[in-house]
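This is what each chain is made of:
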Amino acid sequence: MTVDVGLTVNGVRHDLKVDSRTTLLDLLREHLGLTGTKKGCDHGQCGACTVLVDGVRKNACMNLAASLDGRGIVTIEGLGTEQALHPMQAAFIEHDGFQCGYCTPGQICSAVGMLSELKRGLPSAVTADLREAAVDMVEAEVRERMSGNICRCAAYPNIVAAILDAGKA
Amino acid sequence: MPDTILGQPIDRIDGKAKVTGAARYAGDRRAEHPAFGVIVTSTVGRGTINKVDIKEAQAAPGVVLVMSHENAPAQAPFKHAGDRHARPKPQLNGARVHYYGEPVALVVADTFEQATAAARLVRVSYQTEMGAYDLAGNRRFAYTPAELVQGKPDSSLGDFDKGFAQGAQTVDATYTTPYQSHNPMELVASLAQWDGDRLTVHCATQLVDAAHHSIASTLRIPLENVEVISEFIGGGFGGKLPIYGDAILAALAARQLKRPVKVTLTRQQMFSVTTHRAATIQRVRLAAGTDGKLTAIAHEVMSQSARMDEFVESAAASTRSMYAAPNRLTRHRVVPLDMPVSDSMRAPGDAVGQLAIEQAMDELAYKLDLDPVELRLRNEPTEDPEKHVPYSTRKLVECLKRGAAEFGWDKRPSVPGTLKDGQWLVGFGVAAAIRGNYRRPATARVRMDENRHVTVEMDMTDIGTGSYTIFAQVAADALGVPIGQVTVKLGDSSYPQTPGSGGSFGAASCAPAVHDACMEIKKKLDAGQGPGNLQAEVKSAPGEEFKKFSQYSYGAHFAEVGVDTSTGEARLRRMLGVFDAGRIYNSKTARSQLVGGMIWGVGSALHENAVVDQRYGLFVNHDLAGYHVPVHADVPAVDAIMLAGFDGKSNEMGSKGVGELGICGAGAAVANAIYNACGVRIRDYPITPDKVLRGLMRPANLAQQR
Amino acid sequence: MRAFTYERPVDLAAALVAIGQPGARFLAGGTNLLDLMKVEAETPQHLVDVSRLPLDQISEENGGLRIGAMVTNTALAGDSHVREHYPVLARAVLNGASAQLRNQATTGGNLLQRTRCYYFYDPSTPCNKRAPGSGCSALQGYNRIHAILGASDACIAVHPSDMAVAMMALDAEVEVEAPHSHRRIKIADFHRLPGNTPQNDTILGAGELITAVILPPPPPGGQVYRKVRDRASYDFALVSVAAVVETDGERIRSARIALGGVAHKPWRALEAERQLAGVPLSDDALAAAGETAVKGAQGHGHNDFKIPLAARTVASALAEAAKQRKA
Ligand SMILES: Cc1cc2nc3c(=O)[nH]c(=O)nc-3n(C[C@H](O)[C@H](O)[C@H](O)COP(=O)(O)OP(=O)(O)OC[C@H]3O[C@@H](n4cnc5c(N)ncnc54)[C@H](O)[C@@H]3O)c2cc1C
Ligand code: SF4
Ligand code: FES
Ligand code: FES
């Protein structure tokens, strides 16, 4: 059963006919060739597939493409290029925020989404006072908020350092 | 020392590709008009397939092929002997089921969605047999393996019983470690494509050369007709040493369909189709005099092995070289079970062995009323106590002392359960680390063009270890060119042979080859040739030094842990490791690997546990929600210090293995910190809240909390 | 995933009609439904995407709060009114899943998420909830995460939601629409115990749509959500406790206790609450309440530890809530 989907991905509009079962993740990877977004579990359990949907970080594997009709998606390829890195990408390189690099696109997209959540004053499980409208970007907050992105290489301390660095800017 | 780029913490040269999504992993490879294969796995642990009913699957939309043992092409038979990673890996080659989750069919369709749906329509019926799935319950079937990677399965020196009886204090304790699953973030995947009789397989493998042999021999085609490409690998940790059904089945299906075929394992399948770390039961006996000197050490290991394919978890091997003691004993036994195949996982043997022995040392320290750092210092040997050869280099004492100073070990509460921080009891733990140093023959090809641009080629891989970067550093250093002028090409079987990434031997084996090849080029330059059109291919191999010297890398871990007094939750608060791994090629990437290894140790202490349903032989919690690995929130400040060093016996470059050292001992430091925090000693890993809580609720402990 | 047809109705009325099709299911965030469809633990033939229905508002109502069914977990926990007056709810939501999932998961979907029982997720094993009559693999199997209260021989699964536990302590009501009916269900009655029909998690009728969750005015007292889990984040509860404690000086005026991870539904410990009303605040009283909360609890082997764990967590959450009020 096919469905029509129109999506803007990294600023480019795509109108596609896809199997209703197609997830955003498989659409990006297999239909659009945007393989920067990774599949680590296909079940919302790892964060490797994290992309920004209308600016909000989500797991691409947990979204049917059909239900995103009309939405704007930004993937790792849309954040920056080798010639013009996004500051978060540059910070990951500088702090060695990865090893194998497989979780990295997800970590970076997630970090970008997280900073905007912080900016909007959204609380996390470790926010001490929920009534405060502003939340400080401290290590503990970053760790908790990034916990949906597993890194089996365990580059965690470097990832946090990179995010804190990029987040200052 | 002159200014050199070697050792500098330079950024990874493949970093830009990785942070922009440009790096292509096996499953990212694309081909014209591909078909997608999905593997169907067995749902019994032991038995025979009666029938594979493929009617429904075959009729499903988009399905182009359904393969089972009833129609799979003939392949080379499985071999028990030989290089376990280069052997034939025949798939769907019989009705026998060896373990739960073994591939029994492949469904190929035009799309991934179609293939996934149709895979569920394959109906397999079995003649189920009673299987053996419980390690402890089947210990009577334990046997002595012929050998370990490190030599004989058993060793003894002096008279253990006598030495044990001499001890003023003794420890006799049994530690158990669970099944663990590598779970690299990248799913194992292969894209196979035929061009006439030539096959290209993009696959996720640590060992390109072994994969090359394995695929060619399984399909019984000439080596030169197969190209294996593994340019980027999303983590391996030993889980991508062998190739798996995805590679062979993709190749078989692609040949039959005359069309590229991509096969990717699901995360759930990764637990059974790929290998795992065997569960172990380890008995450790230590005895020491009042002076804290060990009089006897025994380390006896029993581990699971797949009935279909032996693997020995050599957990006591390094114990033979670690501490001085006149009377010694080590033993390895394996218990054949109808479980998936076990194999190397990050620091095989050592990682779980030190979870046991380094906790036992802690227990002994308390009995002796001696600081656990001091206990280790007092048992520092002057030579390898069993091999009776000198150490190539060994800076364990320095690791311990430096770590203790930097960590603030003097603030450790000497009595468990006395340091409080709100709801938390806080404790410090220490453990030493030892990891065997290995080296294998490797060949590198280096070319220089007229612009002095250098290209290094090897079939070596970069599984996140930093291979691309350090080889560029080695070449830039040797030839005196800027690093930007070096291109490193890895992960292709058409390049010269190397051992690949495994056992932390990659850099120690390959860097000398790169260096030597560069030196050849340099010689030619000095002789007035070039710079254009220069090429050198050099093989570098280990010499006698590995027999004449005891070769290991070392470290010391210091951990601070909090234990919640009402729930038993144990959480890491901070951790420091100090390491002696010879010369470091890149202090940034090496540190990352060490820290990563330490966090693996934390996971092995607190989280990781692939649970077997003893009725079926099934890994029950086979996904990343059920199988816990540490997440960001579990990892506060973790840091690693690398001692300056040079081990010329390991290789001319002076380096030793780094990638596996960090995990060794790390988990024991956490376990020891838990004891120091709350007085609860858990010998059954992982140390989850249920176990700690049970300890906290013991009457003796309850009194202490008041 | 089995094949299905997909539609996104334009409004509520159309959605309620669309769900009448055979094998139809609502799709909200999809973080649970899609997850289960991938392993074929769920096999809908038709998906009715309600994620864009205008049910994403939080508004004050009669001194309490009306939370639209499509309000995301992130929006719920981030709402200033919730943060100020219902912190136990904000905390519970923030302790669940990951930020990515919370950005997508909805209030209605969260209530209806299904158990995380390993066997439920693995179609190669028997499971009465997934395949009624096939047996319960967990009963004699690996049941560390399973229920200690209210279970049956047919199923010992637990409800995994954190949010629902807080709502239980807050006496929330679930508002439900069907073509010809409109009802409000007390959250205590919404989820059910497994009995002989573990395939039914709730009393929701076929085709009924959750439109909102209604919170009564905030209860007086300190509010605490305590989640015990194997790792520090991104993990389901072994046991969780939502506690609300009102004290007057040294005496407990009232207490509310709800537990997660212990039963097929969020579990309210009413007897323990009654036991605390009016007694002097003391460690012993709180510990006794913890014991009462797990009265009649039964372990199945691997999960025996949950009985003392739940009792101790209740006591410590109560203590924390009581302390909060004094400060
Ligand atoms: C890896 C992982 C970890 C998680 N960890 C936690 C955790 O720690 N704590 C926790 O509480 N949760 C956790 N979750 C679960 C998550 O909170 C739920 O998946 C989510 O809340 C479901 O909401 P949804 O909108 O995505 O639901 P959907 O998946 O869209 O729907 C779930 C069910 O509800 C039905 N439905 C949805 N909306 C309505 C409605 N308005 N009316 C009627 N029926 C409806 C659907 O038909 C479906 O049956 C986790 C999930 C994952 C994948
Ligand atoms: S506990 Fe319930 S969900 Fe789990 S196997 Fe038993 S019946 Fe199925
Ligand atoms: S692939 Fe989407 S969360 Fe793992
Ligand atoms: S860098 Fe390898 S998984 Fe994160």
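What you see is a predicted model, and the numbers here were worked out from it, not measured in a lab.

Criteria and cut-off values
- Residues numbered from 1 in each chain as written.
- Chains lettered and ligands numbered in written order.
- Predicted model: local features only at pLDDT ≥ 70, side-chain atom pairs only at ≥ 80, totals over all residues.
- Heavy atoms only, no water.
- Near = heavy atom within 4 Å.
- Polar contact = N/O pair within 3.5 Å; in protein donor to acceptor, adjacent residues only side chain to side chain.
- Nonpolar A, V, L, I, M, F, W, Y, C, P; charged D, E, K, R; others polar.
- Domains from an automatic or database assignment.
- Buried area = accessible area lost by both parts, 1.4 Å probe.
- Salt bridge = Lys/Arg side-chain N within 4 Å of Asp/Glu carboxyl O.
- Buried < 20%, exposed > 50% of the residue type's maximum accessible area, 1.4 Å probe, protein only.
- Helix = DSSP H or I, 4+ residues; strand = E, 2+ residues; numbered from the N terminus.
- Pairing = 2+ DSSP bridges.
- Axes fitted to C-alpha atoms, helices over the stretch in contact; angles between N-to-C directions.
- Core = buried A, V, L, I, M, F, W, Y, C linked by side-chain atoms within 4.5 Å.
- Contact = heavy atoms within 4.5 Å.
- Parallel < 35°, antiparallel > 145°, perpendicular 65-115°, else oblique.
- Left-handed = near helix turned anticlockwise from the far one by under 90°.

Next up on the list: the site of ligand 1. If you check the shell around ligand 1, you find 36 residues, and the closest are R25, F26, G30, T31 and T106 of chain C. What surrounds ligand 1 is not a single chain but chains A and C. Within the backbone of L33 of chain C, an N or O atom sits 2.7 Å from an oxygen atom of ligand 1. Between ligand 1 and I210 of chain C there is a distance of 2.8 Å, counted from a nitrogen atom to a backbone nitrogen or oxygen.

Bringing the site of ligand 2 into the picture now. Neighbouring residues of ligand 2: 15 residues in total, closest C117, C127, C136, C155 and I156 of chain C. Tallied by class, the residues present in the shell around ligand 2 amount to 10 nonpolar, four polar and one charged.

Residue and element names in this part refer to chain B. Domain annotation of chain B identifies domain 1 (26-130 + 184-266), domain 2 (155-179 + 276-437 + 548-705) and domain 3 (440-541). Between the C-alpha centres of domain 1 and domain 2 there is a distance of 37 Å. Together, the buried faces of domain 1 and domain 2 total about 1,400 Å²; carbon and sulfur atoms form 57% of this surface. It is R84, Y100 and F237 that lose the most area in domain 1 upon contact with domain 2, and together they represent 43% of the buried surface on that side. Where domain 1 packs against domain 2, one counts four salt bridges. Notably, a salt bridge pairs D343 with R84, separated by 3.3 Å at the nearest N-O pair. Connecting domain 1 to domain 2 are seven residue pairs in polar contact (both at pLDDT 80 or more).

With that settled, the discussion passes to the pairing of strand β20 (residues 442-448) of chain B. All names here are of chain B. Extensive coverage of β20 is indicated by the burial of six of its seven residues. Of the strand pairs in this sheet, β20 and strand β23 (residues 534-540) are connected by seven bridges, and their pairing is antiparallel. Paired with R445 across the two strands is E537, which belongs to β23. Relative to strand β21 (residues 454-457), β20 runs antiparallel, the two being bridged by four bridges. Paired with R447 across the strands is T455, a residue of β21. Here β20 hands over to β21 after five residues, with R452 in that stretch at a positive phi of 65°.

Residue and element names in this part refer to chain C. Strand order in the open sheet made by the five strands is β4-β5-β8-β6-β7, with antiparallel pairing throughout. The sheet terminates laterally at β4 (58-61) and β7 (181-186), the two strands that pair on one side only. Each strand of the sheet is rotated relative to its neighbour by a mean of 25°, with strand direction disregarded. As defined by bridge partners, β4 adjoins strand β5 (residues 64-68) across four bridges and the pair is classed as antiparallel. Within β5, the position partnered with S59 by the bridge is R66.

Okay, the nonpolar core next. Ranked by size, the top nonpolar core spans 180 residues in total, and within it L24 and I163 of chain A together with F471 and V670 of chain B carry the most contacts. If near-sequence neighbours (up to four positions away) are discounted, F471 of chain B is found in contact with M458, M460, V488, L490, G506, A507, C510, A511 and V514 of chain B. Counting 50 residues, the second-largest nonpolar core is a separate cluster that includes A18, M168, A169 and A172 of chain C.

Quick look at the interface of chain C and chain A now. Counting residues at the interface gives 39 residues for chain C and 45 residues for chain A. Looking at the side of chain C facing chain A, the largest losses of area belong to R83, Q100 and Y234 of chain C, adding up to 21% of the total buried there. If you look at where chain C meets chain A, you find one salt bridge. For K38 of chain C, the salt bridge identified is with D42 of chain A, shortest N-O distance 2.9 Å. Remark: the boundary between chain C and chain A carries 25 residue pairs in polar contact (both at pLDDT 80 or more). Among the elements of the structure, β1 (5-7), α2 (33-38), β3 (46-49), α3 (73-78), α4 (80-85), α5 (87-94) and α6 (99-102) of chain C are those that each provide at least two residues to the side of chain C that touches chain A. If you tally residues by element for the side of chain C that touches chain A, the top one is α5 of chain C, at four residues. Across the side of chain C that touches chain A, the residue classes break down as 16 nonpolar, 12 polar and 11 charged.

This part takes up the domain arrangement of chain A. Interfaces are often sized by the amount of accessible area the parts lose when they come together. Residue and element names in this part refer to chain A. Taken domain by domain, chain A holds domain 1 (2-79) and domain 2 (87-168). Placing a centre on the C-alpha atoms of domain 1 and another on those of domain 2 gives a separation of 22 Å. Facing 16 residues of domain 1, the contacting portion of domain 2 comprises 17 residues. Taking both sides of the interface into account, the surface hidden between domain 1 and domain 2 amounts to around 1,400 Å²; carbon and sulfur atoms contribute 57%. Within the residue set of the side of domain 1 that touches domain 2, elements represented by two or more residues are β3 (50-53) and α2 (76-79). A class-by-class count of the residues in the side of domain 1 that touches domain 2 yields six nonpolar, seven polar and three charged.

This paragraph deals with helix α3 (residues 112-119) of chain B. Along α3 of chain B, six of the eight residues are buried, which leaves the element largely enclosed by surrounding structure. Listed as buried for α3 of chain B are E113, Q114, A115, A117, A118 and A119 of chain B. Where α3 of chain B is buried, its residues touch β2 (12-19) and α1 (24-31) of chain A together with β1 (35-41), α2 (55-59), β3 (63-68) and β5 (103-109) of chain B.

With that out of the way, let us pick up the packing of helix α5 (residues 208-219) of chain B against helix α6 (residues 245-257) of chain B. The description of two helices packed together rests on the angle between their axes and the distance between the axes. Residues and elements named next belong to chain B. The geometry of α5 relative to α6 is characterised by a closest axis approach of 10 Å and an angle of 45° between their N-to-C directions. One way to sum up the angle between α5 and α6 is to call them oblique. Of the two possible hands of crossing, α5 and α6 adopt the one that is right-handed. Along its contact with α5, which presents I215, T218 and L219, the element α6 presents A247, I248, A251, L252 and R255. Considering only residue class, the contact of α5 with α6 consists of six nonpolar, one polar and one charged.

Moving on, we get to the packing of helix α12 (residues 467-479) of chain B against helix α13 (residues 506-526) of chain B. All names here are of chain B. At a minimum axis separation of 9 Å, α12 and α13 run at an interaxial angle of 30°. One finds that α12 runs roughly parallel with respect to α13. As for how α12 packs across α13, the hand of that crossing is right-handed. Here α12 contributes I470, F471, V474, A475, A478 and L479 to the contact with α13, which in turn contributes G506, A507, C510, A511, V514, H515, C518, M519, I521 and K522.

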